[in-house]
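# Observations on the model geometry
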Amino acid sequence: MTRRLSLFGATGSVGRSTLDLVRQDGNAWALSVLTANSDVPELARLAREFRPGLAVIAEEARYSELKDALSGTGIEVAAGAEALVEAARRPADLVMAAIVGCAGLAPTMAALEAGHDVALANKEALVSAGELMTAAARASGATILPVDSEHNAIFQCLAGGRIDQVRRIILTASGGPFRTMRAADMAHVTPAQAVAHPNWSMGAKISVDSATMMNKGLELIEAHHLFPVGLDRIEILVHPQSVIHSMVEYVDRSTLAQLGSPDMRIPIGSALAWPQRMETPCAPLDLAAIGRLDFEAPDETRFPATALCRAAIAAGGARPAQLNAANEVAVAAFLAGRIPFPAIVDTVRRVIDAEAPAHPVSLQDIFSVDAASRAAAQHFVDQLEHA
Ligand code: NAD
Ligand code: MG
């Protein structure tokens, strides 16, 4: 049976891995929508290969470029933020949310409101608007299938179990490229060093988040929304090999883990095929070759981001949206060479300390907090740069 797939963020790391799996079994999927931010040649190339009904470029000014690139193909073309939202409402059996950042929130919400099942990679959307997104899914009957490897692992470990019989969720973390680095040396790390993750090949933003451990903090918030066991029941455990992708401990002290090679096509394949399983081209797990698995407690003195995230979710409301927006700005500033590495988390903290956002009741409220927080973070970045 052919299923209709809409893929948001087709040109990114998760997007390309998704298409890699679709390519393997061309008969299983019909592409409904493909989107990208600004890379018209790549989006056009993918559209010619996968023949979606509609291709959307987020940057409005690139509409005619995309239209020219796809002329004669019969593929519909659209551009801009509103077009992304409309595309998300199109009929689909599954929507893959693989845009990076809060930019993915509006289309992901539209997909959930339309009742489409969503394979969710775009963690920033859930961090910013977790309550609204889970409420929208409940109201429409849509299922959120986590793609983030840890959350996909937890989701798999919860299958056949009951959430009210969970004692603990253990979120594993690689510790990133600076796991063993002294705090003083972190002031000098370069963007190139920060994006060179030891185990995973990912987009630049999430790679920097892994280096600051903000990624694990965002994942804590993500887990809190996806698996309502109580924040105090979600723990972080550093596991440098990234073989165990997370664990669930039940009340009887039985602990279930999901293991696999660090290849995103495994959790993506799990979400695409759920509740079935599909073949993937991923390397089998060779535990004899790996030899040993190591574990250590996280160091929140050198990596304060996870504690900031825990406090943000405890504060609730729009705090996580504020934190996420500040982090997006600070990461971009670090990648552009404007601020040093430790200033990423410092900027987030300064934005949070400067103002408590009003409680959000609508998506519009989240967008207002997001915009204000970006402006505040930009202000601190400018100050730092000119200090
Ligand atoms: P990426 O930077 O490689 O790709 C991002 C995609 O989003 C691209 O297709 C880009 O065109 C699109 N995009 C960027 N800005 C946009 C905007 N303003 N409007 C519309 N589209 C925009 O990122 P990635 O590594 O694939 O990550 C995507 C999401 O998945 C992130 O939320 C990330 O945290 C999450 N995730 C990624 C991985 C991974 O292995 N890469 C693992 C777990 C979770
Ligand atoms: Mg992850």
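Described in the following lines is the structure provided in the data block. Source: prediction; values computed, not measured. (Residues numbered from 1 in each chain as written. Chains lettered and ligands numbered in written order. Predicted model: local features only at pLDDT ≥ 70, side-chain atom pairs only at ≥ 80, totals over all residues. Heavy atoms only, no water.)

### Points about the packing of aromatic side chains
Taken as a whole, this structure holds three aromatic pairs when the rule is applied. Arranged with centres 5.2 Å apart and planes meeting at 85 degrees, the rings of F178 and F341 form a pair that is edge-to-face. A residue pair is termed long-range when its members are at least 10 positions apart, and F178 in the loop between β8 (166–173) and α8 (191–195) and F341 in the loop between α14 (319–335) and α15 (342–354) qualify at 163 residues. For the pair F334 and F341, a centre-to-centre distance of 5.5 Å together with 70 degrees between the ring planes defines the contact as edge-to-face. According to the relative accessible area criterion, F334 is buried, its value standing at 2%. (Phe/Tyr/Trp six-rings, centres within 6.5 Å; stacked < 30°, edge-to-face > 60°. Helix = DSSP H or I, 4+ residues; strand = E, 2+ residues; numbered from the N terminus. Buried < 20%, exposed > 50% of the residue type's maximum accessible area, 1.4 Å probe, protein only.)

### Section: the coordination of the magnesium ion (ligand 2)
Every protein donor of the magnesium ion (ligand 2) is accounted for by D148 (OD), E150 (OE) and E219 (OE), and the metal-donor separations fall at 2.1 to 2.2 Å. Taken in sequence order, the residues that donate to the magnesium ion (ligand 2) follow the motif D-x1-E-x68-E. Taken as a pair, E150 in helix α7 (residues 149–158) and E219 in helix α10 (residues 214–226) lie far apart in primary sequence, 69 residues in all. Of the two residues, E150 and E219, neither departs from the other in class, the shared state being buried. (Donors = N, O, S within 2.8 Å, 3.2 Å for Na, K, Ca; no water.)

### As for the sheet that holds strand β10 (residues 244–250)
For sheets, the rule is that strands pair by backbone hydrogen bonds, running either parallel or antiparallel. On the basis of which strands lie adjacent, the open sheet formed by four strands has the order β9-β8-β10-β11 and mixed pairing. Each of the sheet's edge strands pairs with one partner strand only, and the pair in question is β9 (234–238) and β11 (255–259). Direction aside, neighbouring strands of the sheet carry axes that sit 20 degrees apart on average. Of the strand pairs in this sheet, β10 and β11 are connected by five bridges, and their pairing is antiparallel. The residue of β11 that forms the bridge with S246 is Q258. (Pairing = 2+ DSSP bridges. Axes fitted to C-alpha atoms, helices over the stretch in contact; angles between N-to-C directions.)

### Section: the side chain of S6
Its place among the elements puts S6 in strand β1 (residues 3–8). Assessed through its relative accessible area of 1%, S6 is described here as buried. In this structure, S6 is in contact with S32, V33, A92, L94, V95 and M96, ignoring residues within four places of it in sequence. (Contact = heavy atoms within 4.5 Å.)

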